[in-house]
Amino acid sequence: MHIRTLTGGLTAALMVSLSLSLTSGQAVAAAPVAADAPLAARVLTYDAGGSAEFRSAVDRGAAIWNESVDGVELRPAAAGQRANIRVLADNGWPRAQTTTLGNGTVYIGRQAVQQGYDTIRISAHELGHILGLPDRKPGPCSSLMSGSTAGTACTNPYPNAAEKAEVEGNFGGLLAGRTPEALPDLIVD
């Protein structure tokens, strides 16, 4: 995963909002954050134990997001750990049901796979919903969130620059558990 550093604007904002602490009756400014300090990614865990034959596609979809953005990292949940994201296989159409940003259930529906849609693209697309992205239909193959409207010949599992930027914005400084107003409860592709 790439690590982005604080930019001049963010550094300036941090410098303006320095916290003060009282020591021996004197106000002392806290040490400023170094301009090149890396931002930590928010880690989300996923449980693909119920994804059946799509397990490798789910892992690859998560890896694609990890390669594409810095503000969030998707990791498999450890044994016994409650995951942010559950991934299940079923016989319906692929869909994502969100609870809050970064939390919910992804269904890798066999119906789309039987119609010829790419399993890795499906996985990356549905994880995109959990990361706060809406469908962008109709759309070209270059847009991951165009989903099924790109057709069965489209196997592109990578988010475009705008989709990456939106996910970065969703997770940059976001408090855990906050739900953006525009994030739908159920997104069916």
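Residues numbered from 1 in each chain as written. Predicted model: local features only at pLDDT ≥ 70, side-chain atom pairs only at ≥ 80, totals over all residues. Heavy atoms only, no water.

*Asks:* Mind laying out helix α5 (residues 161-171), listing which residues take part and the relevant values?
*Replies:* Within α5 the residues assigned to the buried category are Glu163, Val167, Glu168, Asn170 and Phe171. Projected down its long axis, α5 carries its buried residues within an arc of 160°, all on one side. Turned more than 90 degrees off the buried face of α5, the exposed positions are Ala161, Ala162 and Gly169. Tucked into the core, α5 has its buried residues touching β3 (42-50), α2 (55-68) and β4 (72-76). Its side-chain oxygen 3.1 Å from the backbone nitrogen of Ala162, Asn160 forms the N-cap of α5. (Buried < 20%, exposed > 50% of the residue type's maximum accessible area, 1.4 Å probe, protein only. Helix = DSSP H or I, 4+ residues; strand = E, 2+ residues; numbered from the N terminus. Arc of directions from axis to C-beta. Contact = heavy atoms within 4.5 Å. Polar contact = N/O pair within 3.5 Å; in protein donor to acceptor, adjacent residues only side chain to side chain.)

*Asks:* So, the packing of α2 against helix α4 (residues 119-130): which residues are in play, and what are the values?
*Replies:* Running from N to C, α2 and α4 point in directions that differ by 55°, and their axes come no closer than 8 Å. Judged on the interaxial angle alone, α4 and α2 are oblique. For the element pair α2 and α4, the recorded crossing hand is right-handed. The residues of α4 that touch α2, namely those facing Ala57, Val58, Arg60, Gly61, Ala62, Ile64 and Trp65, are Thr119, Ile120, Ser123, Ala124, Leu127 and Gly128. The residue makeup of the contact of α2 with α4, split by class, is eight nonpolar, four polar and one charged. (Axes fitted to C-alpha atoms, helices over the stretch in contact; angles between N-to-C directions. Parallel < 35°, antiparallel > 145°, perpendicular 65-115°, else oblique. Left-handed = near helix turned anticlockwise from the far one by under 90°. Nonpolar A, V, L, I, M, F, W, Y, C, P; charged D, E, K, R; others polar.)

*Asks:* Which residues make up the pattern of salt bridges, and what values do they have?
*Replies:* The full count for this structure, using the stated rule, is six salt bridges. Between Arg75 and Glu73 there is a salt bridge whose closest N-O contact spans 3.1 Å. Residue classification places Arg75 among the partly exposed positions, given a relative accessible area of 40%. (Salt bridge = Lys/Arg side-chain N within 4 Å of Asp/Glu carboxyl O.)

*Asks:* Any chance you could break down the side chain of Ser51 for me, citing the residues and the numbers?
*Replies:* Structurally, Ser51 is set in the loop between β3 and α2. If sequence neighbours within four positions are ignored, Ser51 has contacts with Val58, Val87, Leu88 and Ala89.

*Asks:* Outline the pairing of β4, listing residues and values.
*Replies:* If a strand is regular, its side chains alternate between the two faces of the sheet. Bridge count for β3 against β4 is five bridges, and the pairing is parallel. Among the inter-strand pairings, Arg42 is bridged to a residue of β4, identified as Val72. Between the parallel elements β3 and β4, the chain passes through α2 in a crossover that is right-handed. (Pairing = 2+ DSSP bridges. Right-handed = clockwise from strand over helix to strand, strands pointing away.)

*Asks:* Which residues make up the packing of aromatic side chains, and what are the values?
*Replies:* Within this structure, the stated rule accounts for one aromatic pair. Ring plane angle 80° and centroid distance 5.7 Å describe the contact between Trp93 and Tyr117, whose orientation is recorded as edge-to-face. Placement of Trp93 in the loop between β5 (85-90) and β6 (95-100) and of Tyr117 in the loop between α3 (110-114) and α4 is noted, with a sequence separation of 24 residues between them. The same class applies to Trp93 and to Tyr117, which are both buried. Looking at Arg95, its charged tip hangs above the ring of Tyr107, at a distance of 4.2 Å from the centre. (Phe/Tyr/Trp six-rings, centres within 6.5 Å; stacked < 30°, edge-to-face > 60°. Lys NZ or Arg CZ within 6 Å of the ring centre and 35° of its normal.)

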